[in-house]
Amino acid sequence: MSTDTPSRSDHSQMQVGSGDDVTFDEATAERLLQLGISRRRFMSYCAGLASLLALPQSVVPRLAQAATSTTLPSVVYMSFQECTGCLESMVNSFAFGGGTTIDNLILNMISLDYQETLMAAAGDQAEAQLLSVTAKSGYVLVVDGSIPARWDSGYFISGERSGVARFREAAKKAALIVAVGTCASFGGLPKADPNPTDARSIGDLMANLRISKPLINVSGCPPIPEVITGVILYYLSKGMPKLDSLRRPTVFYGDTVHEDCYRKESFEEGPLARAFDDANSRKGKCLYMLGCKGPVTHNACSRVRWNQGTSFPMMSGHGCIGCSEPDFWDRLNRNNEKGFYIPIASGSGHSRGLPCNTCHDDNGDDDD
Amino acid sequence: MAATPNVIIDPVTRIEGHLRIQAHAVPDGKGGGTITDPGLSASTMVRGLEKILQGRDPRDAWAFTQRICGVCTVVHGLTSVRAVEHAIGIKVSKNADYIRNMMIGAQYVHDHVMHFYHLHALDWVDVVSAMKANPTSTAALARINNGTYKPNNGALPNAAYFQTVLSKLNNLVSRGQLGLFANGYWGHSAYKLSPEENLLLVSHYLEALAWAREVVKLHTVFGGKDPHPNLVVGGMPCTLSSNTGTVNDDKGGTSLNTAGLATIKTAVARMKAFVDQVYLPDVILVAKRYKEWADFGATAGNFLCYGEFPDPALVKREFTDGAIDYPAGYIFPRGVIWAHAPTTLAPFDEKKVTENVAHAWYLGSDTGEHPSVGETELYYDGPLPDQGRNPDGTSKYMLDENARYSWIKSPRYDGQPMEVGPLAHILTMHARGGTANAQPTDKLVRGYVQKFWINPTAQGGLGLTFTQLNSTLGRIFCRVLETKIIADQIAGRAAGTAAYAGWYQLYYDNRAGAYWNPNTFTRLQQPTLWPVQVGFGFTEAPRGALGHWVKLNRVSGLIDNYQCVVASQWNAGPRDLDGAPGPYEEALRGHVLANLKQPLEVLRTIHSFDPCIGCAVHIVDPDGEPLVQVDVNHGVGSTTRVSGMSCA
């Protein structure tokens, strides 16, 4: 591990450097001045971002440059069978722990050229905008929501075109496709049994349509705000991140939420919380018996935490529901039962190399 | 057959979900025209969530229904939790209700502010005009309009502050990347604000983004994340931390430690401040410039409210397990307002709610049945997509008001289309305020309506009539008014006849009390103790009346049937069998458009409802019939078999 890799020993707060020791080029400085952004705050922001992405601080100038170039990278954001939770989450991004105030991504960092929930244009004017921005190559196509497999099913039509047609056209000249949220990444809720609309993930649909493009899955229901924007900015400044077998960036999805959870010790040593609001719940003991899926869920919730480091599900007392994993709505747990309050089968933890003497002690029926 | 639509908006943007609007305007010969008949409102996306819920653990239902909408992220989850609690006869603790009230309340404040600035403002605010503003004059305007709002490092915004906002806008233009502002109807003759007023509102658009990130932290402390915070049947999953200090591996604890409680308190204060200092005065400013919009956008005049914000001050019984029971005491009263008596609160009877699929892409009852009975089947027989345009540029994809044309069913109350949402909330409070049962908040509402809406302009009011509340402008006004009521209800009111400690303080004083009813999970396994056959859960969501009906299997304990009838379904639904249009459709009648190719006026009225279309679309498969038996009729129709429901 290189010496300038930021420490992850403190889980509670993102370490945000002042950025004072970082130099950057004249053009970037000039842009910041034009944008009316304080250099100090901006560098602090970039340092926070680098820390989040587990990048050496030496990339800060490059991030700064990417974020202030005279032509901002074009991002086209399209929504299909979704709930708008992913967009809401993304809107909550960009205010790191140190009080940095890059107040809006959309004016300074990227050019968000199509996003139906926020854009001024509507109807024909919106469609014209979509055609115009996707006529030029090189944009990042962000997609949320699953897409019904059949174009003629009528289950998704927008601007008089099917989901399949809208996606295929928009993907043509994209440099990168980012599937944001578990619906786009893995099919998510619409695909939950019995998948009434034959909903597909973006990856599956791309395979069906023989679309060969770089794809990153940013799963989660929704994903953590800074993870969405972090992945986009990582790509713009450093290129493709390292991905796991489910095409998720390992920097955010490499560990389970259990591995960084402050309640982990009691998973191994006991005692466990047995009910919401019992004495062990108040003490912050492990929520395994209340169904926590943390040991089998890959995400950064317990490390990055939600909404600027405020909390994460287990810290607020509810187990992880496993929302960044494929088909988490239909996950089978102990006794092959589905349910967010059913403990995971003990083998699930074993397969990840986790000890689980506590659950064995409590439950004689698990005998592996 | 009505005349061919010549006003089409598809996609309608700055909403949640996927919506198409069609209307016919009688041309005026100068490019504009007048819409003389109701329009057509069509949802064009379906997911089938209710079908997915069958056979599930009822404890899980909240997480599924929460994903109906990530904007209304708390209310669907809580409605489901309440429906299951009703089905199994579990009451929750006082703390759980305080926290739920705060979470729903925070959702209102967050949603309504973001609706006004990020979804609706650009219908009234011309961003290109803002670029001509004089920063010094804008600073002067800010001192008058928002004299206590100090976003400029704790000071009032000065000329330099607005120059920075201008620079950001100029930057977009100079590099030719307008981003989200590209291709708006800029320069349209219906925009009326001065450049300085436009710039002031653009600056608040930007500041509201930063503000929103802060206030959602209330959800994060209680629910672990936002959007989609965690909830639980039987109370709240969060609990007071044993460790008041930093939560860590050694000391453990929960988010409800000293820091978490302070975060909530700060979020509550920020909500109230932004509503008082920015949102309310900005709405009044816009209303003064656009007063004629009190004459457009009326619906039929029938309003429905299920009731919301149970008042913990009205506790009737406290149970040994910490649970409590209320009399029917809500800040927003349960009731109905009929067009012929707009100041009278009529009683609400849940049994009079029906759903009708005459013009929706389902097979089932055209005449309307209660949500707990009936039969529906996905059946798309609309036009094919992806067919391009005719040579003259007109659309090949046209929906027909005489056929099926939407994935939204038409809910009716006592056979009538009802408007739900802020206007319904304010009118029901106003009506109760005139009775012996008037609550302090009702009296506040009556006072605000008088002061801001009815008082003559010489006294600082808008000089409009009570009847004109049923309008595009009235909807916007009622939305800010209820936001003010709720923000104060959370934060408390210091003095006067309506003095109130506020939910935050009441919770804080009681924070060591119970959060979860420990009988909940065992009660789920004791069907003999379940008091009803079908659980009815409801909330008043930011967009209006939201109801879930759940039937549990008394052998397996799993969900047999699940049905949602939601706010935007009431407002955005299609015509019924009698041809009576839904509220969006009715509201478009009478609109005068300056330019049929830039239907800004139509957008203003549709946006005034705050469409949330993801919420509005559902199907039911009570018997758990096999999925998607595709019946391809000449390549157009496909059918998902869904059959009979037999509820109690």
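The model shown is predicted, which means the values in this text are computed figures rather than measured ones.

**Here's the deal with the overall build of chain A**
Next up, step 1: Each helix and strand counted, chain A has 17 helices and nine strands in total.
Next up, step 2: Buried residues in chain A amount to 66% of all 368 residues.
Next up, step 3: Counted over contacts in chain A with a minimum sequence separation of 6, partners at least 24 positions apart contribute 73%.
Next up, step 4: For chain A, the accessible area works out to roughly 12,000 Å², and carbon and sulfur atoms hold 49% of it.

**Topic: the overall build of chain B**
Next up, step 1: Looking only at helices and strands, one finds 19 helices and 20 strands in chain B.
Next up, step 2: Looking at the 648 residues of chain B, the share that counts as buried comes to 67%.
Next up, step 3: Pairs at least 24 residues apart make up 72% of the contacts formed inside chain B by residues separated by at least 6 positions.
Next up, step 4: Roughly 19,900 Å² of accessible area belongs to chain B as shown, and the carbon and sulfur atoms make up 52% of that amount.

**Here we look at unusual backbone geometry**
Next up, step 1: At the junction of Gly270(A) and Pro271(A), the peptide bond is cis and its omega measures out at -10 degrees in the coordinates.
Next up, step 2: Secondary-structure assignment places Pro271(A) in the loop between helix 13 (264–269) and helix 14 (279–283).
Next up, step 3: The omega torsion across Asp10(B) and Pro11(B) is 0 degrees, close enough to zero to call that bond cis.
Next up, step 4: Secondary-structure assignment places Pro11(B) in the loop between strand 1 (7–9) and strand 2 (19–23).

**Some remarks on the interface of chain B and chain A**
Next up, step 1: Contact residues are listed per partner, giving 118 residues for chain B and 101 residues for chain A.
Next up, step 2: The tally of links between chain B and chain A comes to four salt bridges.
Next up, step 3: Of the charged contacts in the structure, one is a salt bridge between Glu160(A) and Arg20(B), with a shortest N-O distance of 2.9 Å.
Next up, step 4: Connecting chain B to chain A are 48 residue pairs in polar contact (both at pLDDT 80 or more).
Next up, step 5: Here the residues of the side of chain B that touches chain A are counted per class, giving 58 nonpolar, 37 polar and 23 charged.

**Things to note about the packing of helix 7 (residues 159–174) of chain B against helix 8 (residues 195–215) of chain B**
Residues and elements named next belong to chain B.
Next up, step 1: Where helix 7 contacts helix 8, the two axes come as close as 10 Å, and the packing angle between them is 80 degrees. Considered as vectors, helix 7 and helix 8 are oriented roughly perpendicular to each other. Here helix 7 contributes Tyr161, Phe162, Val165, Leu166, Lys168 and Leu169 to the contact with helix 8, which in turn contributes Leu199, Leu200, Val202, Ser203, Leu206 and Glu207.
Next up, step 2: For the contact of helix 7 with helix 8, the per-class residue count stands at nine nonpolar, one polar and two charged.

**Thoughts on the packing of aromatic side chains**
Next up, step 1: Under the criterion given, the structure shown has 48 aromatic pairs over all chains.
Next up, step 2: Ring geometry for Tyr341(A) against Phe521(B): centres 5.5 Å apart, planes inclined by 65 degrees, an arrangement best described as edge-to-face. Of this pair, Tyr341(A) sits in the loop between helix 15 (301–304) and helix 16 (346–350) while Phe521(B) sits in helix 15 (residues 520–523), which puts the two residues in different chains.
Next up, step 3: The exposure class of Tyr341(A) is buried, given its relative accessible area of 4%.
Next up, step 4: Residue class for Phe521(B) comes out buried when judged on its relative accessible area of 17%.
Next up, step 5: An aromatic cluster is present here, built from Tyr306(B), Tyr330(B), Trp338(B), Phe348(B), Tyr413(B), Phe536(B), Phe538(B) and Trp549(B) joined pairwise through their rings.
Next up, step 6: The ring centre of Tyr362(B) lies 5.4 Å from the NZ or CZ of Lys409(B), which sits over that ring.
Next up, step 7: Across from the ring centre of Tyr508(B), 4.0 Å away, lies the NZ or CZ of Arg511(B), which sits over that ring.

**Quick word on the packing of helix 6 (residues 135–145) of chain B against helix 7 of chain B**
Residue and element names in this part refer to chain B.
Next up, step 1: Closest axis-to-axis distance for the helix 6/helix 7 pair is 8 Å, and the angle between their directions is 115 degrees. Crossing hand, helix 6 versus helix 7: right-handed. When helix 6 is examined against helix 7, the residues Pro135, Thr136, Thr138, Ala139 and Ala142 are found in contact with a partner set consisting of Ala159, Phe162, Gln163 and Leu166.
Next up, step 2: Of the residues in the contact of helix 6 with helix 7, the class split is six nonpolar, three polar and no charged.

**Observations regarding the nonpolar core**
Next up, step 1: Among the nonpolar cores identified, the biggest contains 250 residues, and Leu141(A), Phe167(A), Ile177(A), Ile202(A), Leu218(B), Phe222(B) and Leu256(B) are the most heavily contacted of them.
Next up, step 2: With 15 residues, helix 10 (residues 258–289) of chain B is the single largest residue contributor to this core.
Next up, step 3: Mapped onto the domain boundaries, this core takes at least three residues apiece from domain 1 (72–252) and domain 2 (264–362) of chain A.
Next up, step 4: Here Leu141(A) is in contact with Val76(A), Met78(A), Phe167(A), Ala170(A), Ala171(A), Ala174(A), Leu176(A), Ile177(A) and Val178(A), once residues within four sequence places are set aside.
Next up, step 5: If you look at the next biggest cluster of nonpolar residues, it comprises 19 residues, including Leu304(B), Phe348(B), Phe536(B) and Phe538(B).

**Digging into the confidence of the model for chain A**
Residue and element names in this part refer to chain A.
Next up, step 1: Chain-level pLDDT for chain A is 83 on average; 76% of the residues reach the 70-or-more range.
Next up, step 2: Per-residue pLDDT stays below 50 along residues 1–20; that stretch engages in 35 contacts with residues further than four places along the chain or on separate chains.
Next up, step 3: Low confidence marks residues 350–368, where pLDDT is under 50. Its contacts with residues over four positions away, or in another chain, come to 36 contacts.

**What about helix 12 (residues 440–454) of chain B?**
Residue and element names in this part refer to chain B.
Next up, step 1: Its 15 residues give helix 12 an end-to-end C-alpha distance of 20 Å, which sits within 8% of 21 Å, the value for a rise of 1.5 Å per residue.
Next up, step 2: Of all the positions in helix 12, only Thr441, Asp442, Val445, Tyr448, Val449, Phe452 and Trp453 are classed as buried. One side of helix 12 holds all its buried residues, which, seen down the axis, span an arc of 120 degrees.
Next up, step 3: Contact partners of the buried residues in helix 12: helix 10, strand 10 (330–332), helix 11 (422–432) and helix 13 (472–491).

**A closer look at the sheet that holds strand 17 (residues 544–552) of chain B**
Residue and element names in this part refer to chain B.
Next up, step 1: In spatial order, the strands read 16-17-18; together these three strands make up an open sheet with antiparallel pairing. Edge positions in the sheet fall to strand 16 (535–541) and strand 18 (559–565), since each of these pairs with one other strand and no more. Across this sheet, the average inter-strand angle for adjacent strands is 15 degrees, counted without regard to direction.
Next up, step 2: Bridge count for strand 17 against strand 18 is six bridges, and the pairing is antiparallel. Its bridge partner being in strand 18, tryptophan 549 is matched across the sheet by glutamine 563.

**Remarks on the pairing of strand 16 of chain B**
Residues and elements named next belong to chain B.
Next up, step 1: A large share of strand 16 lies buried, amounting to seven of its seven residues.
Next up, step 2: The alternating pattern of strand 16 places Gly535, Gly537, Thr539 and Ala541 and Phe536, Phe538 and Glu540 on opposite faces, both of which are buried.
Next up, step 3: Strand direction decides the pairing type here: strand 16 and strand 17, joined by seven bridges, are antiparallel. Residue glycine 535 lies in a different strand from strand 17, and its bridge partner there is valine 550.
Next up, step 4: Between strand 16 and the antiparallel strand that follows it, strand 17, lie two residues.

Rules behind the numbers
For every chain, the first residue of the written sequence is number 1, and numbering continues from 1 along that sequence. Each chain gets a letter, beginning with A, and each ligand a number, beginning with 1, in the order they are written. Since the coordinates come from a predicted model, pLDDT governs what is reported: local features require at least 70, and pairs of side-chain atoms require 80 or more to be given and counted, while whole-chain, interface and lining totals use all residues. Based on all heavy atoms of the structure, the side-chain values leave hydrogens and waters out of the count. Secondary structure follows DSSP: runs of H or I at least 4 residues long count as helices, runs of E at least 2 residues long count as strands, and numbering of each begins at the N terminus. Burial classification: accessible surface area is computed with a 1.4 Å probe over protein chains only, and a residue below 20% of its type maximum counts as buried, one above 50% as exposed, and the rest as partly exposed. Only heavy atoms matter for contacts: two residues are in contact if any of them lie within 4.5 Å across the pair. For the area figures, the Shrake-Rupley method with a 1.4 Å probe applies, and any residue is considered shielded solely by the protein chains shown. For salt bridges, the criterion is a side-chain nitrogen of Lys or Arg within 4 Å of an Asp or Glu carboxyl oxygen. Under the rule applied, a polar contact is a pair of N or O atoms within 3.5 Å (in protein, one hydrogen donor and one hydrogen acceptor; residues adjacent in sequence only if both atoms are side-chain atoms). Amino acids are sorted into nonpolar (Ala, Val, Leu, Ile, Met, Phe, Trp, Tyr, Cys and Pro), charged (Asp, Glu, Lys and Arg) and polar (every other residue, Gly among them). For helices, the fitted axis covers only the stretch in contact; all axes are lines through C-alpha atoms, and the angles between them, taken along N-to-C directions, range from 0 to 180 degrees. Roughly parallel here means an angle under 35 degrees, roughly antiparallel means over 145, roughly perpendicular means 65 to 115, and every remaining angle is called oblique. For Phe, Tyr and Trp, where Trp contributes only its six-membered ring, two rings pair if their centres lie within 6.5 Å, and the inter-plane angle classes them as stacked under 30 degrees, edge-to-face over 60, or tilted in between. Charge-over-ring placement is defined geometrically: NZ (Lys) or CZ (Arg) within 6 Å of the ring centre, and within 35 degrees of the ring normal. By the definition used in this description, the sense in which the near helix is turned from the far one sets the handedness, with an anticlockwise turn below a right angle giving left-handed and a clockwise turn giving right-handed. Joining through side-chain atoms within 4.5 Å is the link that ties buried Ala, Val, Leu, Ile, Met, Phe, Trp, Tyr and Cys residues into a set, and such a set is a nonpolar core. Just so you know, the domain bounds were taken from an automatic or database domain assignment. What pLDDT reports is the predictor's confidence in each residue, on a scale of 0 through 100. Residue count minus one, scaled by 1.5 Å, sets the expected span of a helix. Summarising the geometry, the arc corresponds to the directions from the helix axis toward the C-beta atoms. Strands pair, by our definition, only if DSSP identifies at least two bridges between them.

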